[in-house]
Amino acid sequence: MVFIPNIDRLYSDRAGKMRKSVIRELLKVTQDPEIISFAGGLPNPKSFPINDLKGVIEQVMDHNGKAALQYGTTQGLNELREILAERAYKDGIEVDADQVIIVSGSQQALDTVGKMFLNPGDTAICGLPTYLGGINAFRAYESNLMGIPLDEDGLQVDVLEEKIKELLKKEITPKFIYTVPTFQNPAGVIMPESRRKKLIDIANQYDLVIVEDDPYGKLRYDGPHINPIKSFDDEGRVIYMSTFSKILSPGFRLAWTIASPELTRKMVICKQALDLCTNTFTQFIAAEFLRRGSMDLHIMKICELYKPKRDIMMNAMPKYFPDGYTCYKPQGGMFAWVTLPKGIDTETMFLDAIKEKVAYVHGKAFHVNGGGERSMRLNFSYSTDEQIDEGMKRLGAVIKKKLEKRELVY
Ligand SMILES: Cc1ncc(COP(=O)(O)O)c(C=O)c1O
């Protein structure tokens, strides 16, 4: 293998500062089939509607083969955007198809938001903890991220307001507030309607943009449906995004944004340089799947698959974990967020867990201002029911051992 000597000197400052994604690195370790992995955010492959999609693909090839294999517009397939606008209407979001962009995964939407708003040194606000992919996307634009703590109702909006005031006093205008209000990744919590409205009030009062990331909203196992923050947005300040990754297939690399006409126009321009257009083939497939009315039934089946998995994980905690941990029962989504007793560092404990063939993501990875040492994210969608119980048993034993050692040290 030949290397260019001192290649680092040629990298942009931006590329030089970019770090590997902790989760991607962890996923490599968890490739070992003996490891029970609660680490990734993967849908269960059993949830993929392979047979239904075979028929859909055949239909697309027969009727729209030429267009499906061609470039498309940057904003995305009209038919798909129309269906998504109609579906958004059911969630209280009144928009027309012109305000929808089909993107190559929500991850691309996050990058586009970063590109649109962030100059080096700019400040954006996010949760503590928050989605790692969001952190990576915004940090790539050399921004500063300010974290606002979450409680069992999500982002603490009163703390948010205080922090915004502090920033404004220092003449720093935060560019946007990034939030995952429904079954948050990683904390699993859901923000009630009253807090969503308060968040809108704050954005209106301080003239800010909200970026609402909603991949899990349809994966609800209990509790009432709560409309997205976007549905309360009377001033066009919310950029909403959702994805087909958790309700159909992450391999499709298909997601969508909904925003005001003005923000949509700018996003389309910013997206153009990234990929010219989103995967046309999968757009046609998703549109046909939706047109057939298959989506809602499919989502119901996914919920039926994941709800018992969530329950097995939650029931395993008191059975196998030592006293002193906390975990809010997630009403939906794919993650449980556990905080362990004092003295444990989940980052160093990860190596012990791997030796016992169980994996998770440590809490620090999701914290932009430090913290999260005692926390970890556990995914319950991917493993089999038996693996979840066995994995929790292994993890419980690792935690107990760690706690015993801690007592020896103190
Ligand atoms: C909160 C959140 N946002 C965005 C994404 C990325 O989704 P996509 O597969 O559409 O890029 C994920 C994936 O896990 C996520 O959890």
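First, a word on scope: everything that follows refers to the structure included in this document.

### Describing helix α6 (residues 132–139)
Taken across its eight residues, α6 has six buried, putting it largely inside the fold. Three or more residues of α6 are buried, namely Leu132, Gly133, Gly134, Ile135, Ala137 and Phe138.

### Some words on the side chain of Ser106
Note that Ser106 resides in helix α5 (residues 106–117). Residue Ser106 is classed as buried on the basis of its relative accessible area of 10%. Aside from chain neighbours lying at most four places away, what touches Ser106 is Asp213, Met241, Ser242, Thr243 and Ala255.

### Focus on helix α8 (residues 193–206)
Between the first and last C-alpha of α8 there are 20 Å, a value that for 14 residues agrees with the 20 Å anticipated at 1.5 Å per step. Those residues of α8 hidden inside the fold are in contact with β4 (144–151), β5 (154–155), α7 (157–169), β6 (176–179), β7 (209–213) and β8 (238–243). Where α8 ends, the next residue or the one after it, Asp207, has phi of about 60 degrees, a positive value.

### Here's the deal with the nonpolar core
Membership of the largest hydrophobic core comes to 130 residues, with the highest contact counts inside it found for Phe176, Phe244, Met376, Leu378, Met392 and Leu395. At 10 residues, the largest contribution of residues to this core is made by helix α11 (residues 295–320).

### Points about the site of the ligand
Taken together, 13 residues form the shell around the ligand, and within it Ser106, Asp213, Tyr216, Thr243 and Ser245 come nearest. Taking Asn185, its side chain carries an N or O atom lying 2.8 Å from an oxygen atom of the ligand. Here an oxygen atom of the ligand sits 2.6 Å away from a polar atom, N or O, in the side chain of Thr243.

### A look at unusual backbone geometry
Of note, the bond from Leu128 into Pro129 is cis; its omega dihedral lies within 30 degrees of zero at 5 degrees. You can see Pro129 is positioned in the loop between β3 (123–128) and α6. Residue Asn185 is joined to Pro186 through a cis peptide bond whose omega torsion reads 15 degrees. Note that Pro186 resides in the loop between β6 and α8.

What counts and what doesn't
- Residues numbered from 1 in each chain as written.
- Predicted model: local features only at pLDDT ≥ 70, side-chain atom pairs only at ≥ 80, totals over all residues.
- Heavy atoms only, no water.
- Buried < 20%, exposed > 50% of the residue type's maximum accessible area, 1.4 Å probe, protein only.
- Helix = DSSP H or I, 4+ residues; strand = E, 2+ residues; numbered from the N terminus.
- Contact = heavy atoms within 4.5 Å.
- Expected span 1.5 Å × (residues − 1).
- Core = buried A, V, L, I, M, F, W, Y, C linked by side-chain atoms within 4.5 Å.
- Near = heavy atom within 4 Å.
- Polar contact = N/O pair within 3.5 Å; in protein donor to acceptor, adjacent residues only side chain to side chain.

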